[in-house]
Amino acid sequence: MKYKKTLPFLLTAVCLLFAAGLSGCKRSDTIQKSGFFFDTIISITLYDSQKTEELEHCFELARMYEGYFSAKIADSDISKINHAAGKQVLVHKETIELIKLGLTYSKLSGGKFDLTIGKLTSLWDFHAKSPSLPDKKKLAEAVSTIDYRSVNINGEKVSLADRDAAIDLGGIAKGYIADKMKGYLLSCGIESGLINLGGNVLAIGEKQDGSAYTIGIQKPFDKTGAAIASLKIKDQTVVTSGTYERYFELNGALYHHILDTRTGYPYDNGICSVSIICDNSVDGDGLSTACFALGLKDGMKLVESLDDTEAIFIMTDLSMHCSSGIGEKVAFQAIESE
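Residues numbered from 1 in each chain as written. Predicted model: local features only at pLDDT ≥ 70, side-chain atom pairs only at ≥ 80, totals over all residues. Heavy atoms only, no water.

A.B. asks: Just give me the short version of the sheet that holds strand β4 (residues 89-90), but keep the residues and values in it.
C.D. replies: The antiparallel open sheet is built from three strands, whose spatial order is β4-β6-β5. The open sheet has two edge strands with one neighbour each: β4 and β5 (151-154). Direction of pairing for β4 relative to strand β6 (residues 157-160): antiparallel, over a ladder of two bridges. Paired with Leu-90 across the two strands is Lys-157, which belongs to β6. Strands in contact with helix α4 (residues 93-108) are β5 and β6; relative to β5, the strand with the most contacts, it is inclined by about 140 degrees. (Pairing = 2+ DSSP bridges. Helix = DSSP H or I, 4+ residues; strand = E, 2+ residues; numbered from the N terminus. Contact = heavy atoms within 4.5 Å. Axes fitted to C-alpha atoms, helices over the stretch in contact; angles between N-to-C directions.)

Pasting the structure below:
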């Protein structure tokens, strides 16, 4: 399927869409909490006002896992590995689990998604008030350290064969944490809710009336946050990687945070965003970045080879390319004005 968007979108319709998508079945016993983790705002909604303790625990999990996985926290597992000069570092079992998942997607994408991209990502500052391009020599040096095959796991110890390499799990950590939160809530008997970790939207079951959640896919670079399409899901996740999430413009060119592991610069392949619909948020996280890096043809080929996985690619001209199950296995609606 291919959809062209050429006309402005109706703001009223979009507001209604997001009210449906993010609040689900709004009831008087709905409880919600937001916080700032992983450089983004996260939000969790439950439909039982008696579950405040469980809601609070989800944020304790977020704090704990950020302490394990963030390369920006000095005493995190990842920081210890990155600064160990190739020596083995004992880490938490969850860190081992996440690194193994990172290696899976690194292999699946042929290294276009690579968890050892840490030296490169550290050179780019997409939050700077006066952004600038990294030094070309430093970019080349950082690119030379990117190779997921340098990661060695021995039991619960991790080392890097290239002592100058650095791991960055930002491409899959939010998905992993969302899955852990969902697993915890299910173990507590909670069967309905929404977890939103900065674009990783994970539905717990279905809404209390048995209907599906409506999730909006953002129109790239729309300042109002308008949606370009909507999906209806039950007990699934929608994860999007897009150029509009973190970027800056310099001398008429746009530089975004999805970096090419071969050149060190942002990908320029005609894609604005990739949204993955699947069962596990960590898979959606890894696949959305991997498919973006692979490009439309190869990325769609990868999606079509996987069970229970669908994708929507949005291009720079705002055309949408959908996998075969969109509209059949996953209810889909393009949003446009008359």
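From this point, the narrative continues.
A.B. asks: Go over helix α8 (residues 281-294) with me, naming the residues and quoting the values.
C.D. replies: For α8, built from 14 residues, the straight-helix expectation of 20 Å at 1.5 Å per residue is met to within 8% by its first-to-last C-alpha distance of 20 Å. Counted residue by residue, α8 has 13 buried out of 14 residues, so it is predominantly covered. Following α8 by one or two positions, Gly-295 has its phi on the positive side, about 90 degrees. (Expected span 1.5 Å × (residues − 1). Buried < 20%, exposed > 50% of the residue type's maximum accessible area, 1.4 Å probe, protein only.)

A.B. asks: Tell me about the confidence of the model for the protein chain, and please be specific about residues and values.
C.D. replies: One rule of thumb: low pLDDT means the predicted coordinates there are not for detailed reading. Considering every residue of the protein chain, the mean pLDDT works out to 90; 91% of them sit at 70 or more. Throughout residues 1-26 the model reports pLDDT below 50, and contacts reaching past four residues in sequence, or to other chains, amount to 66 contacts. (pLDDT = per-residue confidence, 0-100.)

A.B. asks: Any chance you could break down the pairing of strand β8 (residues 200-205) for me, citing the residues and the numbers?
C.D. replies: Of all six residues in β8, six are buried, a share of seventy percent or more. Two strands pair when backbone bridges link them, and strand β7 (residues 192-197) and β8 are joined in this way by six bridges, in the antiparallel orientation. Looking across to β8, one finds that Gly-193 is bridged to Ile-204. Here β7 folds back onto β8, and the loop between the two strands holds two residues, one of which, Gly-198, carries a positive phi near 55 degrees. One ladder, built from three bridges, connects β8 with strand β11 (residues 237-242); its direction is antiparallel. The residue of β11 that forms the bridge with Val-201 is Val-238.

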